[in-house]
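# Structure at a glance
So you can see what is in the structure, the chains are spelled out below.
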Amino acid sequence: MQGLPCIFGIKLQLAEDASWRSVTCEVLVAIYDFYNSGEPLFVDSSTVASKDTAIPEDNSETVAMIKELLDTRIRPALQGDGGDIEYRGFNADTGVVKLKMRGACSGRPSSSVTLKPGIENMLMHYVPEVKGVEEKLDEDEDPALTGGRYE
């Protein structure tokens, strides 16, 4: 892609309504912090999958079904396009599943039109307790850097 800045060999794309001047420092700090964390640069998809969708014994049957669908049907489709999804929680009172989009998925402007309804439809079809999907970003994340929320 032409016009994208390259920092430490990492190409970045910014949401249309944000400026590089306003986020450059945050991006550099995030990269610096990551390199200093000692975490591996590359993690295979099975390792990522096992962290957020492992099913401990204290998970309800509903949460177990949600996690299984994310692992077996939704995540593989997103990873095929260079993205991924992280399970962030389920509110049994409201029926809302909290997710975080990662990689190619999160930066696409069309994600609010295509991804959210697709994920919602699949989850609601197989898990009647699910009434909706919302994105839950980390507290320190800027929606401008992730492509915005897809609510």
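Now for a description of the structure that goes with this document. Since we're looking at a predicted model, the values are computed, not measured.

## Examining the overall build of the protein
Helix and strand counts for the protein come out as 5 helices and 5 strands. Element order for the protein, N to C, with α for helix and β for strand: β-β-α-α-α-β-β-α-β-α. Expressed as a percentage of its 151 residues, the buried residues of the protein come to 34%. Looking at the protein alone, contacts between residues at least 24 apart form 46% of all its contacts between residues at least 6 apart. Carbon and sulfur atoms form 52% of the exposed surface of the protein, whose accessible area is close to 9500 Å².

## So, helix 3 (residues 61-80)
For an α-helix, the turn length of 3.6 residues means that residues three or four places apart are oriented alike. An ideal rise of 1.5 Å per residue puts 28 Å on 20 residues; helix 3 measures up with 28 Å between its terminal C-alpha atoms. A bend of about 45° at Ile74 is the largest found in helix 3, and the proline Pro76 appears one to four places after it. Here helix 3 has its buried residues at Thr62, Val63, Ala64, Ile66, Lys67, Leu69, Leu70, Ile74, Arg75 and Leu78. Immediately beyond the C-terminal end of helix 3, within one or two residues, lies Gly82, with a positive phi of roughly 85°.

## What to know about the nonpolar core
Ile66, Ile85, Tyr87, Val97, Leu99, Ile119 and Leu123 are the most contacted members of the largest nonpolar core, which totals 18 residues. Those elements that place two or more of their residues in this core are helix 3, strand 3 (83-91), strand 4 (96-103) and helix 4 (111-126). In terms of residue count, helix 3 provides more of this core than any other element does, 6 residues in total. Beyond its immediate sequence surroundings of up to four residues, Val97 is in contact with Ile66, Tyr87, Gly89, Phe90, Leu123, Val130, Gly132, Val133 and Glu134.

## Describing helix 1 (residues 20-37)
For helix 1, built from 18 residues, the straight-helix expectation of 26 Å at 1.5 Å per residue is met to within 8% by its first-to-last C-alpha distance of 25 Å. Where helix 1 is concerned, the buried positions are Val23, Val27 and Ile31. Backbone geometry just downstream of helix 1 places Gly38 in the positive-phi region, at approximately 85°.

## Notes on the pattern of salt bridges
Tallying each qualifying case throughout the model produces 5 salt bridges. Across the salt bridge formed by Arg75 and Asp71, the nearest N and O atoms sit 2.6 Å from each other. Taken as a pair, Arg75 and Asp71 lie in helix 3 at a separation of 4 residues, close to a single helical turn. Note that Lys116 is salt-bridged to Glu120, the shortest N-O span being 3.0 Å. With Lys116 and Glu120 both in helix 4, this residue pair falls 4 residues apart, about one helical turn.

What counts as what
Residues numbered from 1 in each chain as written. Predicted model: local features only at pLDDT ≥ 70, side-chain atom pairs only at ≥ 80, totals over all residues. Heavy atoms only, no water. Helix = DSSP H or I, 4+ residues; strand = E, 2+ residues; numbered from the N terminus. Buried < 20%, exposed > 50% of the residue type's maximum accessible area, 1.4 Å probe, protein only. Contact = heavy atoms within 4.5 Å. Areas by Shrake-Rupley, 256 points an atom, 1.4 Å probe, with all protein chains shown as cover. Expected span 1.5 Å × (residues − 1). Bend = angle between axes of the 7 residues up to and from the residue. Core = buried A, V, L, I, M, F, W, Y, C linked by side-chain atoms within 4.5 Å. Salt bridge = Lys/Arg side-chain N within 4 Å of Asp/Glu carboxyl O.

These values are about where atoms sit, not about what they do.
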